[in-house]
Amino acid sequence: MAPQPEQQAREDIDRLLTAAGWLIFDIAQANIHAARGVALREFPLNPGHGFADYLLYVDGKAAGVIEAKKRGSTLTGVEIQSGRYAQGLPEGLPAWRRPLPFLYESTGIETHFTNGLDPEPRARNAFAFHRPETLAEWLKGLPQATVLSTSEVDSPVANASPGTFLARVRNLPPLVEEGLWPAQIKAVRNLEASFAANKPRALIQMATGSGKTFTAISAIYRLIKFGGARRVLFLVDRGNLGRQTKKEFDQYVSPYNNFKFGEEYIVQHLTSNHLDKSARVVICTIQRMYSMLKGRELAEEDDERSLDLLPLPQGEGRGEGGLFADAPPIDYNPAIPIESFDIIVTDEAHRSIYKLWRQVLEYFDAYLIGLTATPNKQTFGFFNQNLV
């Protein structure tokens, strides 16, 4: 007999939690110290607050709740119910803070997440659940990625006050305008203002030859150095553009300390499926990241082809056959958690927003920056009409 919709949702949620590194217990067998992340099913709360479908413990202290809904349920507005659960933790139980900061609502297929540590928390779509160590780092207010800097003073740990990326991006130092054209100054300022306004997607339109890559690097540098962004993914649509982008990062000189970008932070150009966990910027083609998420190798020639020329499924592009011809939806890949990147920059954004490649952009729990010289109606729609 097929499981009921409610039971199916619990099974899917259990699978996602386990893949993200959580240990799951029924309340009778609970051991909150069995792992960094422990999820307790059907946890009884204070009178009037009911039961939390899952209570999440991080390092032995309560940190969040999951409200499970049957498949097909609308999750918008359910965060109100989750918020009530977050306020109902019995006194005397260890907690990181009250009310509990991390709220999830999930059907096992669709998941919403609210980070209560943000200055203005908002529910957002999440592909899966965050790993326990990620929530622990957020609770401590420290960046996760290894910081390779010329001095401790120049590291995000020293410069950024504790808090989330959203909190820090609202307190960035003034932009040094020297070396920037007026259009570049406007783009960087408007992008930072957009992020500070808690808008998760932004589109930068600049003509070819107007220095849009340099503009993006200028913004990325500030978001890492002063905003505390842990890692940035810079997506291009073919290998030679990745090499060009890497050169521009290598040539970038900080206006704040005269160090080159690569002297402060590791920049990796991915030409294989090995992700350098210490890199602060990762440059790769969108087809390579898709292949990595699918656990597949990418042929060298496919890394060099433009997205327009790759063989895709019927109705998705030109041609048939090849790696991308049979392209089922992306599943959660434990080797590449959804929080691997805080920011994703996609160059030639008008090519990357369609079904196959769009999955890559929507897999990660990250702010999105689109770069394009020729946006179309669909591009504007994907970036929520937010042209900065």
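Quantities reported herein were computed from a predicted structural model and do not represent experimental measurements.

## What to know about the overall build of the chain
Logical step 1: Broken down by element type, the chain carries 13 helices and 13 strands.
Logical step 2: Each of the 388 residues in the chain was classed as buried or not, and the buried ones make up 54%.
Logical step 3: On the chain, roughly 16,500 Å² of surface is accessible, and the fraction owed to carbon and sulfur atoms is 51%.

## Here's the deal with the sheet that holds strand β8 (residues 201–205)
Logical step 1: Strand order in this open sheet of six strands is β8-β13-β12-β9-β11-β10, and the pairing throughout is parallel. Lying at the two open borders of the sheet, with one neighbouring strand each, are β8 and β10 (267–269). Taking the axes of each pair of neighbouring strands and ignoring which way they run, one obtains an average angle of 15 degrees across the sheet.
Logical step 2: In the sheet, strand β9 (residues 232–236) pairs with strand β11 (residues 281–285) via five bridges, with the strands oriented parallel.

## A short note on the pattern of salt bridges
Logical step 1: Throughout the structure, instances matching the rule amount to 23 salt bridges.
Logical step 2: We note a salt bridge from glutamate 67 to lysine 69, for which the minimum N-O separation is 3.3 Å.
Logical step 3: Note on lysine 69: relative accessible area 22%, which makes it partly exposed.
Logical step 4: Each of Arg10, Glu42 and Asp53 takes part in salt bridges that share partners, so that together they form one network.

## Comments concerning the pairing of β9
Logical step 1: Here β9 lies mainly inside the structure; five of its five residues are buried.
Logical step 2: Along β9, one buried face is formed by Val232, Phe234 and Val236 and the opposite face, lined by Leu233 and Leu235, is buried too.
Logical step 3: Pairing between β9 and strand β12 (residues 343–346): four bridges, direction parallel. By the bridge assignment for β12, leucine 235 is matched with threonine 346.

Reading the values: the criteria
- Residues numbered from 1 in each chain as written.
- Predicted model: local features only at pLDDT ≥ 70, side-chain atom pairs only at ≥ 80, totals over all residues.
- Heavy atoms only, no water.
- Helix = DSSP H or I, 4+ residues; strand = E, 2+ residues; numbered from the N terminus.
- Buried < 20%, exposed > 50% of the residue type's maximum accessible area, 1.4 Å probe, protein only.
- Areas by Shrake-Rupley, 256 points an atom, 1.4 Å probe, with all protein chains shown as cover.
- Pairing = 2+ DSSP bridges.
- Axes fitted to C-alpha atoms, helices over the stretch in contact; angles between N-to-C directions.
- Salt bridge = Lys/Arg side-chain N within 4 Å of Asp/Glu carboxyl O.

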